[in-house]
Amino acid sequence: MTGKSTLGAAMGLALVSTPLAAHSVETARGNWADIPLLARHHTVRLNQQAMAGVDAAVAEGKCSTISQGKRINLDMDFLVEFAPDNSIKRVIVEEIGCPEVEQIAATATSQAASKGWLKPTGENETGWYRGSITYQLR
């Protein structure tokens, strides 16, 4: 089996906060298609620990929404709200009905944002941009 993971461009609100960094991290559902994509250089990979966490949640039967047998197909959107100085104010990951995986995705997104890997394009005056996290295990 091989796993692939990407945190990249690809974003309602039922919110659950998670204290991962100086900004808030939440989960939500909604149609985020009208929110602009992040700037080009925004793709990162989930680390081995994150992929193992997704694999374990699926193996324990906690995430049937992203699995079929031993295969995993995670494709979830996220939003990042930038302050006027381009610092991160909020991160929202798509609610998929699997809190364990949502937490892993929130952590990965928050870390990427904190490291400066997620950048606004300047086209959205409100500061919101979207991206996606994908992970496949075949």
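None of the values given here were measured: they were computed from a predicted structure.

A. Molecular detail of the state of the cysteines. Per the stated rule, a full pass over the model turns up 1 disulfide. Across a sulfur-sulfur distance of 1.6 Å, Cys63 and Cys98 are joined as a disulfide pair. In this pair, Cys63 sits in the loop between α1 (48-59) and β3 (67-68) while Cys98 sits in the loop between β5 (88-94) and α2 (99-114), placing the two residues 35 residues apart along the sequence. Assigned by exposure class, Cys63 and Cys98 land together as buried.

B. How the structure looks around the nonpolar core. If you look at the biggest cluster of nonpolar residues, it comprises 33 residues, and the most contacted ones within it are Ile66, Leu74, Val101, Leu118 and Tyr135. Broken down by secondary-structure element, the contributors of at least two residues to this core are α1, β4 (71-82), β5, α2 and β6 (128-137). The biggest single contributor to this core is α2, with 7 residues. In this structure, Ala28, Trp32, Leu79 and Ile92 belong to the second largest nonpolar core, which totals 5 residues.

C. Spotlight on the packing of α1 against α2. At a minimum axis distance of 9 Å, the contact between α1 and α2 shows a crossing angle of 170°. Considered as vectors, α1 and α2 are oriented roughly antiparallel to each other. Taken together, the residues of α2 that come into contact with α1 (itself represented by Ala50, Gly53, Val54 and Ala57) are Glu100, Val101 and Ile104. Class assignment for the residues of the contact of α1 with α2 results in 5 nonpolar, 1 polar and 1 charged.

D. Inspection of α2 at higher detail. Relative to the 22 Å expected for 16 residues at 1.5 Å per residue, α2 spans 22 Å between its end C-alpha atoms, a close match to the ideal helical length. Residues Val101, Glu102, Ile104, Ala105, Ala106, Ala108, Thr109, Ser110, Ala112 and Ala113 constitute the buried set of α2. Of the residues flanking the end of α2, it is Gly116, one or two places downstream, whose phi is positive at about 85°.

E. Geometry of α1. Under the 1.5 Å per step criterion, the end-to-end length of α1 is 16 Å for 12 residues, consistent within 8% with the ideal 16 Å. The complete set of buried residues in α1 reads Ala50, Met51, Val54, Ala57 and Val58. Seen from one end, α1 has its buried residues packed into an arc of 125°, which puts them on one side. Residues Gln48, Gln49 and Ala59 are exposed on α1 and point more than 90 degrees away from its buried face. The backbone nitrogen of Gln49 lies 3.1 Å from a side-chain oxygen of the residue at the head of α1, namely Asn47. Positive backbone phi, approximately 75°, marks Gly61, located one or two places after α1.

F. The arrangement of the packing of aromatic side chains in detail. Going through the model one piece at a time under the given rule, you end up with 1 aromatic pair. With centroids separated by 5.8 Å and ring planes inclined at 70°, the aromatic side chains of Phe82 and Tyr129 adopt a geometry described as edge-to-face. Highlighted residues: Phe82 in strand β4 and Tyr129 in strand β6, separated in sequence by 47 residues. According to the relative accessible area criterion, Phe82 is buried, its value standing at 5%. For Tyr129, a relative accessible area of 1% puts it in the buried group.

Analysis parameters
- Residues numbered from 1 in each chain as written.
- Predicted model: local features only at pLDDT ≥ 70, side-chain atom pairs only at ≥ 80, totals over all residues.
- Heavy atoms only, no water.
- Disulfide = S-S within 2.5 Å.
- Helix = DSSP H or I, 4+ residues; strand = E, 2+ residues; numbered from the N terminus.
- Buried < 20%, exposed > 50% of the residue type's maximum accessible area, 1.4 Å probe, protein only.
- Core = buried A, V, L, I, M, F, W, Y, C linked by side-chain atoms within 4.5 Å.
- Axes fitted to C-alpha atoms, helices over the stretch in contact; angles between N-to-C directions.
- Parallel < 35°, antiparallel > 145°, perpendicular 65-115°, else oblique.
- Contact = heavy atoms within 4.5 Å.
- Nonpolar A, V, L, I, M, F, W, Y, C, P; charged D, E, K, R; others polar.
- Expected span 1.5 Å × (residues − 1).
- Arc of directions from axis to C-beta.
- Polar contact = N/O pair within 3.5 Å; in protein donor to acceptor, adjacent residues only side chain to side chain.
- Phe/Tyr/Trp six-rings, centres within 6.5 Å; stacked < 30°, edge-to-face > 60°.

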